[in-house]
Amino acid sequence: MSDRFDVLVIGAGVAGMSVVHSLLHSAPSLKVGLVTLQVPGQAGATPWAQGGVAVAWGEDDSPALHTQDTLAAGAGLCRPEAVDVLTSEGPQRIQELLDMGARFDTRSDGTLELTREAAHQRRRVVHAGDASGREMARALARALPASVRLIYGQLTSILTQGSRVVGVQLDGQHSLAAPQVVLASGGVGQLFAATTNPAGAEGQGLALAFEAGAHLRDLEFVQFHPTALAGGANASNLPLLTEALRGEGARLIDETGTAFMAQYHPAAELAPRDVVAFALWQHRQRGHQTLLDARALPVAERFAQVHALCVTAGFDPARQPLPVTPAVHYHMGGVAVDLWGRTNVPGLWACGEVSSTGVHGANRLASNSLLEGLVFGYRVGQALTGVDFRQAGCLPAVPQLELRQDPLAMARVREILWSGLGLARSQQGMEKGLAALERLRARLSACGSTAHTVASLMLSSGLFRQESRGAHRRLDYTQTSPHWAGHTLLVPGQAVRMQPLQTTFAQEFREDVVRTSV
Ligand code: SIN
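J.: Help me get a handle on the state of the cysteines, residues and values and all.
T.: Tallied over the entire structure, the rule returns 0 disulfides. A disulfide-free cysteine, C351 has its sulfur positioned 19 Å from the sulfur of C78, the nearest such atom.

J.: How would you summarise the site of the ligand if you had to cite specific residues and measurements?
T.: Looking at the ligand, the residues that line it are Q50, G51, H225, L240, T242, E243, R273, H329, R364, A366 and S367. Within the backbone of E243, a nitrogen or oxygen atom sits 2.7 Å from an oxygen atom of the ligand. In the model, an oxygen atom of the ligand is placed 2.6 Å from a nitrogen or oxygen of the S367 main chain. In terms of residue class, the shell around the ligand is made up of 2 nonpolar, 6 polar and 3 charged.

J.: Describe the nonpolar core, and please don't skip the residues or the numbers.
T.: Counting residues in hydrophobic clusters, the biggest one holds 58 residues, and the most contacted among them are L8, I158, L183, L191, F192 and L348. In terms of residue count, the dominant contributor to this core is helix α13 (residues 448–464) (6 residues). Counting 53 residues, the second-largest nonpolar core is a separate cluster that includes V19, V32, L97 and A141.

J.: Run through the packing of aromatic side chains, naming residues and quoting values.
T.: In the structure shown here, the tally under the stated rule is 4 aromatic pairs. Each ring, one from F224 and one from W418, has its centre 6.0 Å from the other, and the planes form 55 degrees; the classification is tilted. Within this pair, whereas F224 is found in strand β13 (residues 222–229), its partner W418 is found in helix α11 (residues 407–420), the two being separated by 194 residues in sequence. Given the relative accessible area of 3%, F224 is considered buried. Overall, the relative accessible area of 30% leaves W418 in the partly exposed class. Here the aromatic rings of F278 and W281 are separated by 5.4 Å at their centres, their planes lie at 15 degrees, and the arrangement is stacked. With F278 and W281 both in helix α7 (residues 273–285) and 3 residues apart, the pair spans about one turn of that helix.

J.: Tell me about the pairing of strand β11 (residues 180–183), and please be specific about residues and values.
T.: Neither face of β11 is open: one carries Q180 and V182, the other V181 and L183, and all of them are buried. Of the strand pairs in this sheet, strand β2 (residues 7–10) and β11 are connected by 4 bridges, and their pairing is parallel. For V9, the partnering residue across the bridge sits in β11 and is V182. Where β11 and strand β18 (residues 348–350) come together, 3 bridges link them in parallel fashion. Within β18, the position partnered with V181 by the bridge is L348.

Quick notes on the rules
- Residues numbered from 1 in each chain as written.
- Predicted model: local features only at pLDDT ≥ 70, side-chain atom pairs only at ≥ 80, totals over all residues.
- Heavy atoms only, no water.
- Disulfide = S-S within 2.5 Å.
- Near = heavy atom within 4 Å.
- Polar contact = N/O pair within 3.5 Å; in protein donor to acceptor, adjacent residues only side chain to side chain.
- Nonpolar A, V, L, I, M, F, W, Y, C, P; charged D, E, K, R; others polar.
- Core = buried A, V, L, I, M, F, W, Y, C linked by side-chain atoms within 4.5 Å.
- Buried < 20%, exposed > 50% of the residue type's maximum accessible area, 1.4 Å probe, protein only.
- Helix = DSSP H or I, 4+ residues; strand = E, 2+ residues; numbered from the N terminus.
- Phe/Tyr/Trp six-rings, centres within 6.5 Å; stacked < 30°, edge-to-face > 60°.
- Pairing = 2+ DSSP bridges.

As far as function goes, none of this settles anything; it's purely spatial.
This is the structure we're talking about:
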């Protein structure tokens, strides 16, 4: 197969589909391909999202308040310009989703019902029961423009000529030409032994972007969701018990029935997610069990998906507290992009979880990720309408790749990251992880080698940051230090370095780089 596109979008979650909508709405004659492993609507992590999408919608709320909460959760590393974009453009993107036919929960007067999640000072989470991501994905997929070409396949290479992107390779064998490629390929949870992420979230996009010359930022910041349902047979797909349960009053208790969160933070169950996840880890280290008590809530009615997941796992949330454990949920770091999703590589763009826009800092505020996908996906689409699509090079000849993974080697990568880059980190643990990865290198096939790349880069970033901040908790450097108040930056061929927080987007993405990229 060899074909030519104006734009190829990799990934059909909320971010990728938002790019397609925004782009084809403004420039319907463009030839756009959407590369996906599954049918849009079912692809990526989006349909798995339970809680909803945070947006300043209520009368008592404002983008400024939403910005305040996002910055506070981000532990000093959010980029305020990016957060302002997120919170101020969010309401318009939600309105468009409603116009597309998204069915969110409403009150009796027809207005949107808003729920509360941890570290939000207002009720601002728009939701569809507890299957909010599924509903958003359904609405976006149903309204996809007919002209978009769906291409089923796995991204295996980003093809460049000189320093600019000219296309992609799929499935280790097919090359597709496109002068503009948008990565919306999701996160890294499946590189850890315990995660809430779906299969496929192995950081492929991150590794391939790096190989193509892209800068990566803040890879050490991995968010652990505090309440994955424990006790299931398969830790690599733990059922999520949405944070909205705690927002609506569920308590974290131990085996004695004591609600323990107030021992760790004054906001108790509603403390920022990094705090709650670490508190669970500490409480477990002290020999306690950790359970979520949702018996006072109408779980079966309001949280139907959670109820079904519990029942399948053999628990009745109406009668018993549920055993919970933190699990890897979201990657705050990613491919460094400007406010329009441009990377430093001409022709390469990124949005959604694979990207680092700077909105999440060291810890993402609950339910900001779907909003980020909507807002920055839209922005990428708009920026692409200004591009000269005649600029394209020839596709280079690329070797075919073997896709087969060694399952035992991949399982080892998951164990290495879980112990080296888990909730409590140390120099010794991360160095041990890097050494173990090195020993594994030869056993990982071409496809598994992207897992190796991502795991090594994440451990190197974690080792570099000698402090505790947000989701990066170190046992050997327990304090947050102003010395480390910056971003970790990975530039291909160079050692990890610190990028000062004051670096502006214009400095980071020099004007000439941005111009050549469009
Ligand atoms: C949840 O429902 O708790 C997840 C929401 C999120 O990850 O933002």
